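Coordinates in review
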Amino acid sequence: MALSVYRCKICDVLFANPMPTNIMQFYEAENPDEYFKTIYRQGEAIKRWHSIWNFIKSHVNTGRALDIGAGTGIMTRWLAQHFEHVVAVEPSKVFFEKLKDRFIDFDNVSLIKATFEEFCQHYVDNKFDFIFLHEVLEHVPDPLGMLKLSLKVVKPDGVIYICVPNNRWLTYDTVKSIYVFTGKCFTPHLAPLH
């Protein structure tokens, strides 16, 4: 599927126009392992997760954690080792199947196949000490709505970790160039376009 990508002249944000309304179609055909292999090299990923984990440890150290858009559970595993209970929410069927395989023996992890919005409709009484929104906001049509819902399910003294990609760095330009030279129809960090 081809979409147009635009850059805002004021704030330099990249966006699809029109924004896909059924973004799940982009993820169901994707092989979860290949998806993350394209985005991260093993050494870079480990260094990145250690940096993230150091942030988490300095702000939260126990309780309940929520991993929104858990993917294949890379960070869910780390959270499960340090939090009393982790809820991993993943809307994609193929990614969720991978999650189920990886967490079959974890008693402190609950897996929910749903969008975050669907999750919030059914689990409104849940309150979390920590919410993990790592490279998720660029995948949804209504990022502000997702942030508002996050505020409803985080405890008053809880922490919401938010990370979004930065297209102004060398790695982004390198990946973009590789996509162009290899003829792949991908745009780095605009995953709904995949």
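Refer to the structure printed above.
Summarised in this report is the structure supplied together with it. This one's a predicted model, so the numbers in the text were calculated from it and none came from an experiment. (Residues numbered from 1 in each chain as written. Predicted model: local features only at pLDDT ≥ 70, side-chain atom pairs only at ≥ 80, totals over all residues. Heavy atoms only, no water.)

Another aspect to go through is the overall build of the chain. Helix and strand content of the chain: 8 helices and 7 strands. The contacts of the chain with a sequence gap of at least 6 include a subset with a gap of at least 24, amounting to 62%. Surface exposure of the chain reaches about 11,200 Å², of which carbon and sulfur atoms provide 56%. (Helix = DSSP H or I, 4+ residues; strand = E, 2+ residues; numbered from the N terminus. Contact = heavy atoms within 4.5 Å. Areas by Shrake-Rupley, 256 points an atom, 1.4 Å probe, with all protein chains shown as cover.)

Working definition: the strands of a sheet are paired by backbone hydrogen bonds and lie parallel or antiparallel to each other. Read across the sheet, 5 strands follow the order 5-4-3-6-7 without closing on themselves; strand pairing throughout is parallel. The open sheet is flanked by strand 5 (109-113) and strand 7 (154-163), the only strands paired with a single partner. Ignoring strand direction, the axes of neighbouring strands in this sheet form an average angle of 15°. Sheet analysis places strand 4 (residues 85-90) next to strand 5, joined by 5 bridges and oriented parallel. When the sheet's bridge partners are listed, Val86 is paired in strand 5 with Val109. Contacts from helix 5 (residues 93-102) reach strand 4 and strand 5 within the one sheet, and its direction differs from that of strand 5 by about 160°. In the packing of helix 7 (residues 143-153) onto the sheet, the strands contacted are strand 3 (64-68), strand 6 (128-134) and strand 7, and the crossing angle to strand 7 comes to about 145°. (Pairing = 2+ DSSP bridges. Axes fitted to C-alpha atoms, helices over the stretch in contact; angles between N-to-C directions.)

This next bit is on the environment of Val89. Looking at the element boundaries, Val89 is found in strand 4. A residue is classified by how much of its surface remains accessible, and Val89, at 1% relative accessible area, is buried. In contact with Val89, other than residues within four places in its own chain, are Leu66, Asp67, Ile68, Gly69, Ala70, Ile112, Ala114, Thr115, Phe116 and Phe119. (Buried < 20%, exposed > 50% of the residue type's maximum accessible area, 1.4 Å probe, protein only.)

This paragraph deals with helix 7. When helix 7 is considered as a whole, its buried residues turn out to be Gly145, Met146, Ser150 and Val153. Relative to the axis of helix 7, the buried residues are bounded by an arc of 140° and lie together on one face. The exposed residues of helix 7 that point more than 90 degrees off its buried face are Leu144, Lys148, Leu151 and Lys152. Contacts made by the buried residues of helix 7 are with strand 3, helix 6 (116-122), strand 6 and strand 7. (Arc of directions from axis to C-beta.)

In this structure, Asp129 sits in strand 6. The exposure class assigned to Asp129 is buried, which follows from its relative accessible area of 15%. Side chain to side chain, Asp129 and Lys155 meet in a polar contact 3.2 Å long. Look past the residues within four positions of Asp129 in its chain and what remains in contact with it is Val60, Thr62, Gly63, Arg64, Lys155, Gly158 and Val159. (Polar contact = N/O pair within 3.5 Å; in protein donor to acceptor, adjacent residues only side chain to side chain.)

Turning next to unusual backbone geometry. At Glu135, a residue that is not glycine, the phi angle is positive and equals roughly 50°. In this structure, Glu135 sits in the loop between strand 6 and helix 7.

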